[in-house]
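Now for the letters of each chain:
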Amino acid sequence: MDGYPKGSLDPSIPLLLTLGVAAGSDHGTELDAALKEYGVLIRSEVAPLDTEQALGLLRYIQEHDASRRVKSGPDGTTNPRYRFRVRTAERSLLLPPRHARLPDGAEPPASPAALHSPFSPLSTVSSLYPDGLIDTTWLQKHQALVPAVLLCFYTLVSDPTQATLCDNQIKSDLNNIKGLLGQSGYKTKLAVVLLSDQRTTATEGLQERLETIRKGCGIDSKALFLVPPNESTEELWRMTENMLVTLYPLAVDHYRDLGRHARKKRGRGVAPQPTIPPTSGTSQTLSLAGWNVRYDFKSAVFAEFRSEHENALRSYDQAYEGLLSSELLEVIPSWSPRWNEARSLADVIAIRGISCLLYGGQHSAAARRWQLHRDRVAGFVDRHGRGTKNYGWKAWESRWAVVMANLVERAAIPEFDPSHHLRYLQPEKAAMGERLQPFEFLHHPGYWYRIAAQHLYARRALAHAMPEDDRSPPSSSPASHVASKAFTYDTYMCPEPHEEYPLNNVPGTDYGHLIVDCLMRARKEFLQRQQVRFAAELSLECARELTKSRDWNGVVELLRPLWKDMSFRTEGWLTIAEELSWILRGAAAMVGEASLVVAIDWELLNREFTRRPKWYYDISKSLDGMSPQSRPHVHIEDGQTLSFVSSSFIFKDEEGKAGQSANGQLTLQSNAHQGSAPIRLSSVQVDFNGSVNRIIFEHEDDADVQQKHGSTLLSAVSLTAATSKGKAPATDPDSPDEEQMVILKGDANLSLEPGQTIVLGVQIPLREPGETCAVSLTLNMQLESFDLDQYQSLQPGRGVNLWYLSASRTKRIPREDPLAVRVLPRPPQMEIVGLTWKDQYYTDEPITLEFEIVNEEDFDAPAKLDAILVGPLPPVFIVEAPGQDETSSDDGGKEESRLSGLSLGAIESSKSIITYVRVPPIPQPTQYSLTLKVVYFLSTNPGTPITQTAVFQLNIVNPFEANYDLLPRVHPDPWPSFFDPEGVRDPSEDDTHLLPKGLSQTWALVTRYASFASEDLRVHDVDIRVQTSRTVRCHPIRTLPSLPNPQGGWVVKPKTIEDAAFDITSQKHTLDDRSQSTLDVSLVIKWSRLTSPHAPPNTTTLPVPRFILFGTEPRVLASASPIRLKDGSKPLIVLQIIIENASNHFLTFGLSMEPSDDFAFSGPKQTTMHLLPVSRRSVTYRLLPLGNGTSTGGWIKPGLVVRDKYFQKVLRVSPTEGMKLDKDGSFLVWVPPDEEDSESGEEESGEESE
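Residues numbered from 1 in each chain as written. Predicted model: local features only at pLDDT ≥ 70, side-chain atom pairs only at ≥ 80, totals over all residues. Heavy atoms only, no water.

1. Observations regarding the sheet that holds strand β54 (residues 1209-1211)
Stated precisely, the cut-off is as follows: At least two bridges found by DSSP between two strands is the condition for calling them paired. Numbering of helices and strands runs from the N terminus, with a helix taken as a DSSP run of H or I at least four residues long and a strand as a DSSP run of E at least two residues long. Interaxial angles span 0 to 180 degrees and are taken between N-to-C directions of axes, which are lines fitted to C-alpha atoms, for helices over the stretch in contact.
Read from one edge to the other, the open sheet built from four strands follows the order β50-β48-β53-β54, with strand pairing classed as antiparallel. In this open sheet, the two edge strands, each paired with only one partner strand, are β50 (1166-1171) and β54. Pairs of neighbouring strands in the sheet enclose a mean axial angle of 30°, with direction left out of account. Where strand β48 (residues 1147-1154) and strand β53 (residues 1199-1204) come together, six bridges link them in antiparallel fashion. The residue of β53 that forms the bridge with Ser1152 is Val1201.

Okay, here's the thing in structure tokens:
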């Protein structure tokens, strides 16, 4: 906002003046000399304070000066509670006079003259006299001369002998200042700060002294502050905050009174007459319209002081419309100085109005106001001024755009923070429904700086278009020509034509400096918001201007980063890239940047750029005329330039095998300008990832070219191995850490002419398996004056994937990634054979696996073995190799057990070795995967490992499965008596050494087991293992089977069910224990394979479900035994019913036997049995079958019912030997066959056999 009168655009901030601290000169020195004579001098008779506390307090107040904050928010400060413009005075201040004096020598008027303010156009001392509107002196009066608050500092003495004298001195000085303020006519608020001296410790009488001072001076209680001594920095800062917050409403009231007074004077409806009427013939006094504009402007400024931006905007609008009305600006002649004053005032009002809109959040309205003022002023200038087709108007337009940029910066709009990357702001709600033009959105400051630069371009063009007669100074031009020139060019806020663009190369306006300044500011804003293209465009424009001013260092500094990272190349804007390169090349040559010159010349060789006339394209002569201090080494990264040498690499086949070779082709093509000098590459380096070594093609003039067709040269290059220091590959662990790394080299003719294509075919040896790919290529040039390296990355999709069959024939390689080749492992000739492998292995048996490793290679091979057992919780296994001790695997954890690097020694060609893997018994069925990997090396290629891998599935299953039944039996021994005192046991006796005397029961455990193996197994023994219990003693006896061969066992075939039965006698330790007990038992089977007769038997333990013994409920057992009668005709069956009462209660049971047609019985048909606690009783029936006997026997069903008399519950009868239950739960008794039928059946079978 330079160019406008000083102070006219400063923000209106309340003025706070401090008095009484030694911190600078007195106030009022900037007052005009003519006004100093009768200004109001206010002087303090008390010496200024220079204590550390006073200076610190003043420093804190000055730090809150809102006028020093460039970007401080809408109200000019970061603290929204107050804002002040702080000025200081030591002992005195000079206030401007309230009224002007009559001029010397003036005739006194007939009536008493009305004196006006010296800043009013009604006073003759004012520069506005007699018809001016308002100028910056009035603004400076309220911004810098007349304070809203006068803050006086005094020391409050604590010495009782001097306290009264000091207080009286303070009161006298304050009353004097207050009286002088009253005489001045200004309503400045007076505030006092009392600083206690360092000796003040007591507070007795302090409040009374403060009250005396306040009442004696008539000071408001809110304007009196006491600062205690020895306050910390934080406390002093807090007190300063509270003080300023308290004083701010007083300052606002001061400006509210001034605004009320200004509105009152405007509302009179008549313009006062000047003190002395003007005496010149054509002079006019200020009209009523001008008077209203003046006081509308004053009201707006006072509203700004109060931070009432809406009221200020309303008053500014009234002043603006009144100024541009037909009563003011329309009637002012353009040759009058008042014309430019009115234009300046219109600009100031518009700027202040835009500032209010920005602070109020009306962003689109601010942009519209900016455009509206430009259009209205353009209309006035076209109608009444010099028009808009001259350099003066463009100068104003440039300044007007810079003003808008400064206003946006000063408003510090949060949305325009660079971190948000916003280009423009959305309109406010009031403008949401309107259709806005793009320029009606508020853009960031870079947009406005760029507009200013464009107008500066037009200003320069119009200035350069002026004829020489208009550019001559007035002293050398005729008077008529000077007069006509005065009406041709608009010189508002810009130089005259002879100063704007003088003759004879005399320095005039520095357009380049102005343009570069605007462009650099705009570039900074665009870069902060990631608008890279705009920033690059502005950089190029700046470079053009700097080139005109021959600022070569500035051009290089500005364009070098842009040239390196320029996106114009990839986006196809080659015209821009070309212009930038030529500008930068010229500047680099002037400042001696040899490397940059070579890199740019390398790029400009590309025929995609326009060929420059009269320029000889020869990279070897790029540094002609330059003398670099050292030999330049130029390194060009991939994508940094648009290289004229394009390259590609391709593998012919997608796959290859280690130890063999892969066919590849390197293609180099020159896209240089026709007629340019050929280039000669010193070498070309191709780098790969994977196991393929680096390839270097070196230039050789005498290298043979096998085929040539047109501009295509095809050569086959033979590669030879060279060595350099490098890290050894991960092959043989016995090799040293450092070895000679192989590099492949070949010779070829690397001279490239414009448009020529060189194809180099190679056979690349493949070493290790895996994926390998060509990743980069480096072109090297070594000339007399410099060295050049260009790095190019090789990426799939860049080339056309052509394979040259000959110099004239190509074929397309239809692969997604022709840069890569998949190297397959060399087919191993080492076999791993499982000699004793079985489909199934069984739990609980140790597993020994025998493997044969056969070397079918033509050479001896040192080998190592890796064994991996994968599965759930794999065990630690042992590997036994020839000549090695047994080696155990590591405990790999839950998923894997591994043994790595077991040396097998050197296996001779066509020989084999035997290796054993021993796995301990596995208790649970599972599956494991056993992986054997043999890694070996051949003497012909010791750097390439060869791997043979074999995977074996280890299926481990249970050899047997079984089911179980626990059947009741009748214990032959009587139960002990509950009432026998001999059965009572002393609790102090040890139970472990006493025989059990509790209840006894007999059970039969019947198991049926089957072999789930895939082969016959030999069972050596079947037994049960009973878990010891503390309350029950169990004794098992095997009843089935009886082993025919106790030493050899018996053979069990797959899927064949075998039976085994065991009688278990159990007895409680004590009679008092009648709780339920569990039977924990396991079935133990000892077995072996038929193929391993001498191996120790394996033991398989099958868990048996838990059974319940010694229930508390009554139990009914039935047993039957057949008796042959003397005649032997019919068997008599004795049925015994036994009822057991294991409880502590006396129980009664009813028994009833139903008659049946199948048998006759003897015994009670109905009877009652009484059972004492812990007792059992039996009832015997004799059954005689009535049916005809058969040779096979049969079953009868007795209708016996046992009922609990008390609970009326029918008890189930549990059968024992020779009995069973039917599907209804009733027991059946087996009737053996008759003897006669049996004998006759035997005779018949004997006769048939004969």
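That covers the picture; the talk isn't over yet.
2. Describing helix α7 (residues 288-305)
Inclusion rule: An expected span of 1.5 Å times one less than the residue number is assigned to each helix. Residue exposure (1.4 Å probe, protein chains only): buried if accessible area is under 20% of the type maximum, exposed if over 50%, otherwise partly exposed.
Taking 1.5 Å of rise per residue, 18 residues should cover 26 Å, and α7 covers 26 Å from first to last C-alpha, within 8% of that figure. Within α7, 17 of the 18 residues are buried, leaving the element largely enclosed by the surrounding structure. Ser307, located one to two residues past α7, shows a positive phi value of around 65°.

3. Digging into the nonpolar core
Side chains of nonpolar character tend, in soluble globular proteins, to be buried together. So the rule is basically this: Residues enter a nonpolar core if they are buried and are Ala, Val, Leu, Ile, Met, Phe, Trp, Tyr or Cys, with the set joined through side-chain atoms within 4.5 Å.
Core analysis: the largest hydrophobic core is formed by 226 residues, its most contacted members being Leu174, Leu247, Phe297, Leu323 and Phe649. With 13 residues, the single largest contributor to this core is helix α9 (residues 337-359).

4. A closer look at the sheet that holds strand β38 (residues 1017-1026)
Judged by pairing direction, the sheet is antiparallel, and its four strands sit side by side in the order β40-β38-β43-β44 without closing on themselves. The sheet is open, and its two borders are formed by β40 (1050-1052) and β44 (1098-1103), each paired with just one other strand. For this sheet, the mean inter-axis angle between neighbouring strands, taken without regard to orientation, is 45°. In the sheet, β38 pairs with strand β43 (residues 1081-1089) via nine bridges, with the strands oriented antiparallel. Counted as the bridge partner of Asp1023 is Val1084 from β43.

5. A look at the packing of helix α8 (residues 309-323) against α9
Spelled out, the test is: In this scheme, roughly parallel covers angles under 35 degrees and roughly antiparallel covers those over 145, while 65 to 115 is roughly perpendicular and the rest are oblique. The sense of a crossing depends on the near helix, which, turned anticlockwise from the far helix by less than a right angle, makes the crossing left-handed and, turned clockwise, makes it right-handed. Residues count as neighbours in contact if any of their non-hydrogen atoms are within 4.5 Å of one another. Gly is put with the polar residues, along with every residue not named as nonpolar or charged; the nonpolar set is Ala, Val, Leu, Ile, Met, Phe, Trp, Tyr, Cys and Pro, and the charged set is Asp, Glu, Lys and Arg.
Where α8 meets α9, the closest approach of the two axes is 9 Å, and the angle between their N-to-C directions is 155°. If you check the angle between α8 and α9, you find them roughly antiparallel. Crossing geometry of α8 relative to α9 is assigned as left-handed. Counted together, His309, Ala312, Leu313, Tyr316, Ala319, Tyr320 and Leu323 of α8 and Ala342, Leu345, Ala346, Ile349, Ala350, Arg352, Gly353, Cys356, Leu357 and Tyr359 of α9 form the full contact between these two elements. Split into classes, the residues belonging to the contact of α8 with α9 amount to 14 nonpolar, two polar and one charged.

6. Some remarks on the side chain of Ser120
Its place among the elements puts Ser120 in the loop between β4 (92-95) and α3 (136-145). On the basis of relative accessibility, which here comes to 7%, the residue Ser120 falls in the buried class. Non-local contacts of Ser120, meaning those with residues more than four positions away in its chain, are made with Ser126 and Arg294.

7. Some points on a nonpolar patch on the surface
Selection rule: Patch membership needs two things, relative accessible area over 30% and no salt bridge, and members are linked within 9 Å if like-charged or within 5 Å if nonpolar (Val, Leu, Ile, Met, Phe, Trp, Tyr). Computed with a 1.4 Å probe, the accessible areas rest on the Shrake-Rupley method; for each residue, only the protein chains presented here act as cover. Within this document, salt bridges are pairs made up of a side-chain nitrogen of Lys or Arg and a carboxyl oxygen of Asp or Glu, the two lying within 4 Å of each other.
A contiguous nonpolar patch, built from Phe978, Phe979, Phe1146 and Leu1172 and spanning about 410 Å² of accessible area, is present on the exposed surface. Residue placement: Phe978 occurs in the loop between β36 (960-969) and β37 (1000-1011). Judged by its relative accessible area of 32%, Phe978 falls in the partly exposed class.

8. Section: the pattern of salt bridges
Where charged atoms of side chains with opposite charge meet at close range, the side chains can pair. Inspection of the entire model under this criterion finds 49 salt bridges. In this structure, Glu579 engages Arg544 in a salt bridge whose closest nitrogen and oxygen atoms are separated by 2.6 Å. Taken together, the residues Glu579 in helix α20 (residues 574-591) and Arg544 in helix α17 (residues 532-548) connect sequence positions 35 residues apart. Among the residues examined, Arg544 registers a relative accessible area of 31% and is labelled partly exposed. With a closest N to O distance of 2.8 Å, Glu845 and Arg1089 form a salt bridge. Taken together, the residues span a long stretch of sequence, with Glu845 in the loop between β27 (841-842) and β28 (847-855) and Arg1089 in strand β43 at a distance of 244 residues. With respect to burial, Glu845 and Arg1089 carry one shared label: buried. Among the ionic contacts, a cluster of salt bridges with common partners joins Asp253, Arg256, Arg306 and Glu308.

9. Digging into the packing of helix α10 (residues 363-384) against helix α11 (residues 391-411)
Contact pair α10 / α11: the axes reach a minimum separation of 12 Å and the direction vectors enclose 165°. Relative to α11, the element α10 is oriented roughly antiparallel. By crossing handedness, the relation of α10 to α11 is classed as right-handed. In this structure, α10 uses Ala366, Ala367, Trp370, His373, Arg374, Val377, Ala378 and Val381 to contact α11, whose residues at the interface are Trp393, Trp396, Glu397, Trp400, Ala401 and Met404. Here the contact of α10 with α11 is composed, by residue class, of 11 nonpolar, one polar and two charged.

10. What to know about the confidence of the model for the protein
In plain terms, the rule: What pLDDT reports is the predictor's confidence in each residue, on a scale of 0 through 100.
For the protein, the average pLDDT comes to 86, and 90% of its residues sit at 70 or higher. Averaged pLDDT values over the elements of the protein bottom out at 44 in helix α22 (residues 1235-1249) and peak at 96 in helix α12 (residues 445-464). Every residue in residues 1240-1250 is under pLDDT 50, and counting partners more than four places away or in other chains gives zero contacts.

11. So, a negative patch on the surface
The test is simple: In this count, Lys and Arg are taken as positive residues and Asp and Glu as negative ones, while His and the chain termini are left out. Taken as the charge centre is NZ of Lys, CZ of Arg, CG of Asp or CD of Glu, depending on the residue.
Taken together, the side chains of Glu700, Asp701, Asp702, Asp704 and Asp747 make up a negatively charged region of the molecular surface. Mapping Asp704 onto the fold places it in the loop between β14 (695-699) and β15 (707-709).

12. Observations concerning helix α21 (residues 594-604)
Within α21, 10 of the 11 residues are buried, which leaves it mostly tucked inside the rest of the structure. The set of residues buried in α21 consists of Ala594, Leu596, Val597, Val598, Ala599, Ile600, Asp601, Trp602, Glu603 and Leu604.

13. A short note on unusual backbone geometry
In this model, Tyr129 is joined to Pro130 through a cis peptide bond whose omega is 5°. In this structure, Pro130 sits in the loop between β4 and α3. You will see that Asn505, though not glycine, has its phi angle at about 55°, which is positive. Mapped onto the secondary structure, Asn505 falls in the loop between α15 (497-500) and α16 (511-528). Positive phi is not limited to glycine here, since Arg550 has a value of about 60°. Residue position: Arg550 is located in the loop between α17 and α18 (552-564).

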